[in-house]
Amino acid sequence: MLYKKLLYKGVQALIVSISAVSAGQAADPVTPPIPGVVPGGVVVELIKDGFNGTEGPIAHPDGSLLFTETNAERIVRIAPDNKVSTFLEKSNGANGLAFNAEGDLIAVQVLKPKVGILYPKNKEKTLAEKYDGETFQRPNDLVLHKSGSLYFTDSGTRVTPENPNPPTSKPGVFHISPAGELKRLANDIDRPNGIQLNKDETVLYVANTQGEHILAYDIAADGSITNKRNFAKLAGWKDGETGWTSGADGLAVDDEDRLYVASNAGIEVFSAKGDALGVIPIPLKPQNLAFAGADKKTLYVVGRGAAYRIPVLTAGYRGRAK
């Protein structure tokens, strides 16, 4: 009888131990092996959670990372030692960020929808707030071309429990030339979200949250785009509460021109030709990502109020902040 009791207790302890390990793995997922990207078994490290909206990560010149707490109207800084501090308050609901050649911080902003310079404070400037006489609906993400021109997305409106009858959605992809001329380049994407350039800045990538593919366009000398095509098929494509969606959001590229996509599946990685290379699991659904650190060999991921970091094998592209 004593033997049976001891055996029973041993089995129970083993079950508890296995459950704890499983719970730990769920809280701290590890990377699969993706050649040139990450070795297998690297822990996805939680830096901090509890943020009020997490978007717009970008490398700061000092090696730290900035990201936006859109709902809190705040820009947050994460130092290389993971210390978290406030970089800027009263951000007008900043979402995507970019640094220009002068070091000015440009943001798409959603509280009073517009695109403009946020920092330094003495250089604040609105670059665009209306198209064809109508105010933007929800400027979402942006990327700065080496020519000085700016590409950004407006994801339009969507039905939510808080707003079941929003205005008619008018999503688009826009371009601001170095001279300040605003043009709409595309209005046929359901919900344009993340936007990014390849390394030589001849191809523009756009994430369509409602679509199964990352879209790609060729960039002409005048900044216009042509040859729309499906670049990469997303593993995150699934039927959710609001219908089929990939959840495609933020984009980033590394120094080998691989494209990284935040989606329903995690961080999806593609070759420069659009071949799927693997998926890095993230505990909460990721919204955006960026390479930062002194050598840009740390991949930061933000989403659903949390911020994570992952050491990588190949640095992010060093030719621009993101």
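The structure we're discussing is the one just above.
Basis of the calculations
Each chain carries its own residue numbering, running from 1 in the written order of its sequence. Predicted model: local features are reported for residues with pLDDT of at least 70 only, side-chain atom pairs are reported and counted for 80 or more only, and whole-chain, interface and lining totals are derived from all residues. As a convention, hydrogens and water are excluded, and side-chain values are obtained from all of the structure's heavy atoms. In this text, helices come from DSSP runs of H or I with a minimum length of four residues, and strands from runs of E with a minimum of two, each type numbered from the N-terminal end. Only protein chains enter the area calculation, which uses a 1.4 Å probe; residues under 20% of their type maximum are buried, those over 50% are exposed, and those in between are partly exposed. Neither His nor the chain ends is counted toward charge; the positive residues are Lys and Arg and the negative residues Asp and Glu. Throughout, a charge is located at the NZ atom of Lys, the CZ atom of Arg, the CG atom of Asp or the CD atom of Glu. Salt bridge, as applied in this entry: a Lys or Arg side-chain nitrogen positioned within 4 Å of an Asp or Glu carboxyl oxygen. In short, DSSP must find at least two bridges between two strands for them to pair. Here, axes are lines fitted to C-alpha atoms. For helices the fit covers the stretch in contact, and angles between N-to-C directions go from 0 to 180 degrees. Grid spacing is 1 Å over the protein atoms alone, the probe is 1.4 Å, and a cavity is where that probe fits but cannot get out, while a pocket is an open set with protein on both sides within 12 Å along at least five of seven lines and lining residues have an atom within 4 Å of a point. Grid points are joined across faces, edges and corners, and a volume is the space filled by probe spheres set on the points. Three classes are used, and their members are as follows: Ala, Val, Leu, Ile, Met, Phe, Trp, Tyr, Cys and Pro are nonpolar, Asp, Glu, Lys and Arg are charged, and the others, Gly among them, are polar. N or O atoms closer than or at 3.5 Å make up a polar contact, with two conditions inside protein: a donor-capable atom paired with an acceptor-capable one, and, for residues adjacent in sequence, both atoms drawn from side chains. For this analysis, residues touch if any pair of their heavy atoms sits within 4.5 Å.

### Some details on the overall build of the protein chain
Here is step 1 of the chain: A tally of regular secondary structure across the protein chain gives one helix and 28 strands.
Here is step 2 of the chain: Expressed as lengths along the three principal axes of its C-alpha atoms, the size of the protein chain is roughly 85 × 40 × 40 Å.
Here is step 3 of the chain: In the protein chain, buried positions account for 50% of the 322 residues.
Here is step 4 of the chain: Positive and negative side-chain charges in the protein chain, numbering 36 and 36 respectively, have mean positions lying 5 Å apart.

### Topic: the pattern of salt bridges
Here is step 1 of the chain: This model, assessed by the stated rule, comprises 14 salt bridges.
Here is step 2 of the chain: Two residues, R74 and E89, come together in a salt bridge whose shortest N-O distance is 3.6 Å. With a gap of 15 residues between them, R74 in strand β4 (residues 74-78) and E89 in strand β5 (residues 84-89) connect regions that are remote in the sequence.
Here is step 3 of the chain: If you follow the salt bridges from partner to partner, you end up with E69, R74 and E89 in one network.

### Describing the sheet that holds strand β1 (residues 45-49)
Here is step 1 of the chain: If you walk across this open sheet you meet the four strands as β1-β28-β27-β26, and the pairing is antiparallel. Whereas interior strands pair on both sides, the edge strands pair on one side only; in this sheet they are β1 and β26 (288-292). Within this sheet the neighbouring strands show an average axis-to-axis angle of 20°, counted without direction.
Here is step 2 of the chain: By the bridge criterion, five bridges tie β26 to strand β27 (residues 298-303) in an arrangement that is antiparallel.

### Topic: empty space enclosed by the protein
Space left empty within the atom packing is revealed by a probe, the size of a water molecule, rolled over the atoms.
Here is step 1 of the chain: All told, the structure shown has two cavities of 30 Å³ or more when counted by the stated rule.
Here is step 2 of the chain: Taken together, A252, V253, A290, F291, K296, Y317, R320, A321 and K322 make up the full set of residues lining the largest cavity.
Here is step 3 of the chain: The set of elements that each furnish at least two residues to the lining of the largest cavity consists of β22 (251-253) and β26.
Here is step 4 of the chain: Residues belonging to the lining of the largest cavity are distributed by class as follows: six nonpolar, no polar and three charged.
Here is step 5 of the chain: Of the volumes computed, that of the second largest cavity is approximately 40 Å³.
Here is step 6 of the chain: Lining of the second largest cavity is provided by G56, P57, G96, L97, D141, L142, I195, Q196 and K322.
Here is step 7 of the chain: Listing elements by their share of the lining of the second largest cavity, those giving two or more residues are β2 (55-59), β6 (94-99), β12 (139-144) and β16 (192-197).

### A short note on the sheet that holds strand β23 (residues 259-263)
Here is step 1 of the chain: Reading across the sheet, the four strands line up as β22-β23-β24-β25 and stay open at both edges, with antiparallel pairing between neighbours. For this open sheet the edge positions go to β22 and β25 (276-280), each flanked by a neighbour on one side alone. The average undirected angle you get between the axes of adjacent strands in this sheet is 20°.

### A look at the pairing of β2
Here is step 1 of the chain: Most of β2 is tucked away: five of the five residues are buried.
Here is step 2 of the chain: Both β2 and strand β3 (residues 65-69) contribute to a ladder of three bridges, which runs antiparallel. In the sheet register, I58 faces β3, and the bridge partner there is L66.

### Some remarks on the environment of G180
Here is step 1 of the chain: Position of G180 among the secondary structure elements: in the loop between β14 (172-176) and β15 (182-186).
Here is step 2 of the chain: What makes G180 partly exposed here is its relative accessible area of 44%.
Here is step 3 of the chain: Remark: the alpha-carbon pair of G180 and L150, spanning 30 residues in sequence, is separated by 9.3 Å.

### Remarks on the side chain of D254
Here is step 1 of the chain: Structurally, the position occupied by D254 is in the loop between β22 and β23.
Here is step 2 of the chain: Owing to a relative accessible area of 0%, D254 belongs among the buried residues under this scheme.
Here is step 3 of the chain: There is a polar contact of 2.8 Å between the side chain of D254 and the backbone nitrogen of E256.
Here is step 4 of the chain: For D254, the contacting residues outside a window of four places in its chain are K199, Y260, F291, T314, A315, G316 and Y317.

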